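Here is how the chains run, residue by residue.
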Amino acid sequence: EQNNSMHLVARGTWPVRFDNGQIFEAGVQAVRGKFVPAIDNRLKDLPSSIWAGRGYDDERVGLHAVWYPQPFGLQAEWNWGTGPQLSAGLDAIEERSLQGGYIQAMYKDDDFFGLGSLMPFVKWQHFDGAIKFEANAPFTKVNDWEIGFEWQPVPQIELVTVYHRMDRNDVTRAPYENFRSDVLRMQLQINY
């Protein structure tokens, strides 16, 4: 971010506890500001506002909802907005629309055969818009799936295993082509 300006952020949530103890939360959030993306030397004829430090409109509004796992849970968030994005001709940055979010389902078993707490989950993530933190703010289309679990044999130890099926654009180098990849991630966390 090249202009060091502040963004205005607002978020409101409304949690509800039902008579059976189930907790649900819904809310709305918004962010607004100006953003100046980093530019590499391949782009020419950029608008002078970039170099003056004024930047591009960077605005989003979103909705979120969480049905906390007791034992079944759902979590979702979606946002819409406008931000800087590399043009289709790869020669200028423009203000363009964006939208995306995710939906995740999970199930929490606090006594998994006497072996601690287990929470399997599945997640779908979608995004159409620019990745403003990458040089030139290139466009990407994300359509990813994840499936995995978190296991806590004791409260101080967490093991997370995730299979991630990625379908998106390579935003690290032009011409920013689409790619598909499979990733297996494992993480061991010890809390003390």
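Everything here concerns the structure above.
Described below are features of the structure shown in this document. Numbers given for residues are sequential positions, taken from 1 along each chain in its written order. Local features are withheld for residues below a pLDDT of 70 in this predicted model, meaning they are given only at 70 or higher, and side-chain atom pairs are given and counted only at 80 or more; totals for whole chains, interfaces and linings count all residues. To obtain the side-chain values, all non-hydrogen atoms of the structure were used and water was disregarded.

### Some points on the sheet that holds strand β3 (residues 56-67)
Stage number 1. Spatially, 9 strands are ordered β1-β2-β3-β4-β5-β6-β7-β8-β9 in an open sheet, and the strand pairing comes out antiparallel. The strands lining the two open edges of the sheet, one partner per strand, are β1 (8-17) and β9 (178-190). Each adjacent strand pair in this sheet contributes to an overall mean axis angle of 10°, direction not counted.
Stage number 2. The sheet contact formed by strand β5 (residues 93-107) and strand β6 (residues 117-130) spans 8 bridges and is antiparallel. Its bridge partner being in β6, Ala105 is matched across the sheet by Val122. Being paired, for any two strands, means DSSP has found at least two bridges between them. In DSSP terms, a helix is any run of H or I states spanning at least four residues, a strand is any run of E spanning at least two, and both are numbered starting from the N terminus. Interaxial angle, 0 to 180 degrees, is taken between N-to-C directions of lines fitted to C-alpha atoms, where a helix line uses only the stretch in contact.

### A closer look at the pairing of strand β2 (residues 23-35)
Stage number 1. Direction of pairing for β1 relative to β2: antiparallel, over a ladder of 10 bridges. Residue pairing across strands places Gly12 opposite Val28, the latter belonging to β2.
Stage number 2. In textbook terms, the turn of a hairpin is the stretch between consecutive antiparallel strands, and for β1 and β2 this stretch comprises 5 residues, one of which, Gly21, has a positive phi near 95°.
Stage number 3. Bridging between β2 and β3 involves 12 bridges; their strand directions are antiparallel. Among the inter-strand pairings, Phe24 is bridged to a residue of β3, identified as Trp67.

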